[in-house]
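# Topology and contacts: notes
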Amino acid sequence: QVQLVESGGGLVQPGGSLRLSCAASGFTLDDYAIGWFRQAPGKEREGVSCISSGDGSTYYADSVKGRFTTSRDNAEKMVYLQMDSLKFEDTAVYYCALAQPPLCSYLHTPRIYRLFGSWGQGTQVTVSS
């Protein structure tokens, strides 16, 4: 049973921080890339970050680069997204998903989310003053 479960979302003020967690089960996390995506009401799902399965290289959307950091702990089967300097436009439901390792480098390709799978239910992040 392959499963990913997101947690850690909540309500924060602009400039605040949150750390999202993605708990993996049912597969060997080391073998897959894990991406973070988000979807705001009325908008398409967009790639936020991705961490590869090999050397752990990370990739980020331009909109979050320098503010968000993704990391992984394969032994504990956990992937994290540290979000700092949050902005109103970061408000969305955040999801983690898995993919074959090479796909991380295609994070900026339109509709790349279609090649990721095992989506969880997501966790809501709301940035409001």
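A brief look at the structure comes next. (Residues numbered from 1 in each chain as written. Predicted model: local features only at pLDDT ≥ 70, side-chain atom pairs only at ≥ 80, totals over all residues. Heavy atoms only, no water.)

### Observations concerning the sheet that holds strand β2 (residues 10–12)
- Strand order in the open sheet made by the six strands is β2-β10-β9-β4-β5-β6, with mixed pairing throughout. Strand pairing shows two members of the sheet lacking a second neighbour, β2 and β6 (58–60), which therefore form its edges. In this sheet, neighbouring strand axes are inclined to one another by 25° on average, regardless of whether the strands run parallel or antiparallel.
- Pairing geometry for strand β4 (residues 33–39) and strand β9 (residues 92–99), over seven bridges, is antiparallel. Its bridge partner being in β9, Ile-34 is matched across the sheet by Leu-98. (Pairing = 2+ DSSP bridges. Helix = DSSP H or I, 4+ residues; strand = E, 2+ residues; numbered from the N terminus. Axes fitted to C-alpha atoms, helices over the stretch in contact; angles between N-to-C directions.)

### So, the packing of aromatic side chains
- Under the counting rule described, the total for this entry stands at four aromatic pairs.
- Each ring, one from Phe-27 and one from Tyr-32, has its centre 5.5 Å from the other, and the planes form 85°; the classification is edge-to-face.
- On the accessibility criterion, Phe-27 (10% relative accessible area) is buried.
- Both rings, one in Phe-37 and one in Phe-116, keep their centres 4.9 Å apart while their planes meet at 70°; by these two values the pair is edge-to-face. Of this pair, Phe-37 sits in strand β4 while Phe-116 sits in the loop between β9 and β10 (123–127); the two residues are 79 residues apart in sequence, bridging distant segments of the chain. (Phe/Tyr/Trp six-rings, centres within 6.5 Å; stacked < 30°, edge-to-face > 60°. Buried < 20%, exposed > 50% of the residue type's maximum accessible area, 1.4 Å probe, protein only.)

### Here's the deal with the state of the cysteines
- Within the structure shown, the criterion is met by two disulfides.
- There is a disulfide in this structure between Cys-22 and Cys-96, and the S-S distance comes to 2.1 Å. Residues Cys-22 and Cys-96 are joined through a disulfide that is right-handed, its torsion about the S-S bond being 80°. Of this pair, Cys-22 sits in strand β3 (residues 18–25) while Cys-96 sits in strand β9, and the two are 74 residues apart along the sequence.
- With relative accessibility at 1%, the residue Cys-22 sits in the buried group.
- Since its relative accessible area comes to 0%, Cys-96 is described here as buried.
- Covalent S-S linkage joins Cys-50 and Cys-104, the inter-sulfur distance amounting to 2.0 Å. One disulfide, between Cys-50 and Cys-104, carries an S-S torsion of -85° and so falls in the left-handed class. Here Cys-50, found in strand β5 (residues 46–51), pairs with Cys-104, found in the loop between β9 and β10; they are 54 residues apart in sequence, far enough to count as distant. With respect to class, Cys-50 is no different from Cys-104; both count as buried.
- Disulfide connectivity for the protein, with bonded cysteines indexed by sequence position, reads 1-3, 2-4. (Disulfide = S-S within 2.5 Å.)

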